[in-house]
There are 4 protein chains.
Amino acid sequence: MDKPLYRHASEVSFRDTDASGWLHFTNIFTHVEIAEHAFLRSRGLLVFDRSQGGWPRVKVACEYQHPLLCGDKIEVQLAIAALGTASVTWNFEVINAAGELAAHGSITTVRVNHLGRPQPLDATERTHLKERGL
Amino acid sequence: MDKPLYRHASEVSFRDTDASGWLHFTNIFTHVEIAEHAFLRSRGLLVFDRSQGGWPRVKVACEYQHPLLCGDKIEVQLAIAALGTASVTWNFEVINAAGELAAHGSITTVRVNHLGRPQPLDATERTHLKERGL
Amino acid sequence: MDKPLYRHASEVSFRDTDASGWLHFTNIFTHVEIAEHAFLRSRGLLVFDRSQGGWPRVKVACEYQHPLLCGDKIEVQLAIAALGTASVTWNFEVINAAGELAAHGSITTVRVNHLGRPQPLDATERTHLKERGL
Amino acid sequence: MDKPLYRHASEVSFRDTDASGWLHFTNIFTHVEIAEHAFLRSRGLLVFDRSQGGWPRVKVACEYQHPLLCGDKIEVQLAIAALGTASVTWNFEVINAAGELAAHGSITTVRVNHLGRPQPLDATERTHLKERGL
């Protein structure tokens with residue numbers, strides 16, 4: 001990723017793995033979500049609150065290129081590919097300790113209110129989410 | 001378990017395992033919780049509802065005797081060890097396909113209302129939860 | 001899905017949910033994997049074995065249309081979209097109890113040997129995996 | 001915990017929660033395991049390796065005193081309660097951001113070799129694991 005909007009260092013836990021010895025494929029998304037939430041918090045934006053809503057996913061995709069093992073240090077890189085009225089499409093890359101691209105993909109989230117209904121991004125959200133690194 | 005109150009058949013999924021090849025120890029509790037919820041539903045009792053509350057755990061314990069692998073058929077057996085004013089203590093055993101005791105332990109849950117505050121077991125709950133198999 | 005190759009009934013567990021009250025998006029893939037493994041077992045095909053290998057994912061995608069709650073009955077429907085030399089691309093649909101499409105997507109898996117290296121599908125695998133319902 | 005052997009800072013992720021809004025009880029053990037592994041790595045001890053073995057759990061227990069929410073900062077404190085021939089019994093406390101004891105318990109692990117058989121703690125392991133903070 002040329003100019004990521006955000007970088008988040010993480011580590012593959014034993015719990016992330018499965019019997020193959022590798023990180024279970026679903027946990028790439030868990031690490032990406034943790035990075036996304038760290039970014040949102042760093043900007044003072046909502047992550048999740050029962051009375052205010054959150055960011056459910058409507059579309060996700062991932063390609064896996066290198067397996068990850070328990071204890072592997074990884075970096076999640078995030079960029080914003082598109083902003084809709086109430087949605088954000090993130091691109092992500094997961095880089096392993098050797099600097100290789102272990103996985104990459106995209107996630108589209110929708111800003112919903114406390115009833116789970118889409119709610120247009122407000123000015124503050126739009127400002128912080130426009131600062132894209134692409 | 002001599003006379004279980006409830007038996008629930010289950011299967012170890014790939015997702016349940018970790019890099020050791022065995023079921024990750026936390027997932028014994030997941031299978032026991034699924035059995036407990038199946039029992040509660042079978043009696044028409046609340047499992048969880050945001051407006052009515054649920055059954056958070058206040059104390060759990062487990063001993064592991066045989067590892068479980070992906071695809072292993074298991075049976076979770078439940079009995080009620082004690083009923084408090086607002087709490088239920090379950091004993092559980094997890095039996096593998098060879099009929100061996102793979103794990104056993106106990107879980108104490110508290111009936112809470114929608115605010116997460118303890119709420120005494122009502123007559124219906126007490127009736128169904130008293131039908132113990134011990 | 002017009003003619004699914006396989007249908008697998010499942011249920012959303014409490015453990016599958018997150019603080020939004022809905023199934024955590026990663027767990028759609030867990031339920032799809034459980035269905036895929038049930039299909040493979042039903043045909044006598046390998047699911048995972050440390051000495052024989054398995055089916056790691058190289059590409060996944062999902063779109064979410066209806067949230068799923070704890071206790072929801074679901075059906076996972078599978079079809080095979082493409083067979084490669086060593087790969088299988090599955091299409092999946094997750095149907096809720098109202099018969100609505102809750103989520104759909106695709107998963108590409110690669111047959112690997114015990115060293116994690118791609119291994120061409122053998123005649124038996126090809127026979128069973130060709131019986132497509134598309 | 002008066003003199004913990006090790007302290008590990010962590011954060012409750014969205015994925016750690018369930019529909020109650022609180023951390024799912026099983027994930028206390030996940031955070032404790034991550035702390036234990038961080039400690040083992042800090043001393044140069046084995047965490048898990050397919051050709052060398054690992055530390056499966058034989059007994060766990062936990063009491064929960066304060067619910068934890070998505071984003072909560074926590075500290076896991078570890079001490080060693082007992083060393084056996086091939087086993088280690090850890091005591092743990094999980095402290096929330098207000099400094100309150102959110103959960104505490106114990107975990108007994110056994111050092112196993114690559115075949116999953118118990119293997120007596122060697123001199124190096126015993127040295128590092130004896131440095132207890134109790």
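Treat the numbers as computed from the prediction; the structure is a model and nothing was measured. Think of each chain on its own: its residues are numbered from 1, step by step along the sequence as written. Here the convention is simple: chains get letters from A, ligands get numbers from 1, in the order in which they are written. Predicted model: local features are reported for residues with pLDDT of at least 70 only, side-chain atom pairs are reported and counted for 80 or more only, and whole-chain, interface and lining totals are derived from all residues. Water and hydrogen atoms were dropped before computing side-chain values, which therefore reflect all heavy atoms in the structure.

Size of an interface, as often reported, equals the accessible area lost when the parts are brought together. Throughout, a residue-residue contact means that at least one pair of heavy atoms, one from each residue, lies within 4.5 Å. With 21 residues of chain B in contact, the opposing surface of chain D contributes 21 residues. For this analysis, a salt bridge means a side-chain nitrogen from Lys or Arg found within 4 Å of a carboxyl oxygen belonging to Asp or Glu. At the surface where chain B touches chain D, the tally comes to 0 salt bridges. Numbered from the N terminus, helices here are DSSP runs of H or I no shorter than four residues, and strands are runs of E no shorter than two. Those elements that provide at least two residues to the side of chain B that touches chain D are helix 1 (26-42) and strand 2 (57-64) of chain B. No other element matches strand 2 of chain B, which puts 8 residues into the side of chain B that touches chain D.

Looking now at the interface of chain C and chain A. With 21 residues of chain C in contact, the opposing surface of chain A contributes 21 residues. Accessible area that two parts lose when put together, evaluated with a 1.4 Å probe and summed over both, is termed the buried area. The largest per-residue losses of area from chain C upon contact with chain A belong to Phe 25, Val 60 and Tyr 64 of chain C, which jointly make up 26% of the total buried on that side. The tally of links between chain C and chain A comes to 0 salt bridges. For the side of chain C that touches chain A, the leading source of residues is strand 2 (residues 57-64) of chain C, giving 8 residues. Pairing geometry for strand 2 (residues 57-64) of chain A and strand 2 of chain C, over 5 bridges, is antiparallel. Bridge pairing in strand 2 of chain C links Cys 62 of chain A to Val 60 of chain C. Any two strands between which DSSP finds at least two bridges are classified as paired.

Here we have 10 strands laid out as an open sheet, ordered 1(B)-3(B)-4(B)-5(B)-2(B)-2(D)-5(D)-4(D)-3(D)-1(D), and antiparallel in their pairing. With one partner strand each, in any of the chains shown, strand 1 (6-11) of chain B together with strand 1 (6-11) of chain D form the two edges of the open sheet. When the angles between neighbouring strand axes are averaged without regard to direction, this sheet yields 20°. By the bridge criterion, 9 bridges tie strand 4 (residues 87-95) of chain B to strand 5 (residues 101-110) of chain B in an arrangement that is antiparallel. Opposite Trp 90 of chain B, over in strand 5 of chain B, you have Ile 107 of chain B as the bridge partner. Axes here mean lines fitted to C-alpha atoms, for a helix over just the part in contact, with angles spanning 0 to 180 degrees between N-to-C directions.

Now for the relation of the copies chain B and chain D. In screw terms, the move from chain B to chain D is a rotation of 180° and a rise of 0.0 Å along the axis, fitting with an RMSD of 0.0 Å. Expressed as a symmetry operation, the mapping of one chain copy onto the other fits a two-fold axis. When C-alpha distances to the rotation axis are compared across chain B, the minimum falls at Ala 61 of chain B, with a value of 2.1 Å. The least-squares superposition of copies is restricted to C-alpha atoms, and to residues with a pLDDT of at least 70 in both copies.

We now examine the relation of the copies chain C and chain A. The transformation that overlays chain C on chain A combines an axial shift of 0.0 Å with a rotation of 180°, and the residual RMSD is 0.0 Å. The overlap is high: 100% of the interface residues of chain C also sit at the interface in chain A, so the same surface is used on both sides.

A separate point is the environment of Thr 109 of chain D. Residue and element names in this part refer to chain D. When you line up the elements, Thr 109 lands in strand 5 (residues 101-110). For Thr 109, a relative accessible area of 0% translates into the label buried. With 18 residues separating them along the chain, Thr 109 and Thr 127 place their C-alpha atoms 17 Å apart. Look past the residues within four positions of Thr 109 in its chain and what remains in contact with it is Glu 36, Trp 55, Pro 56, Arg 57, Ala 86, Ser 87, Val 88 and Trp 90. Residue exposure (1.4 Å probe, protein chains only): buried if accessible area is under 20% of the type maximum, exposed if over 50%, otherwise partly exposed.

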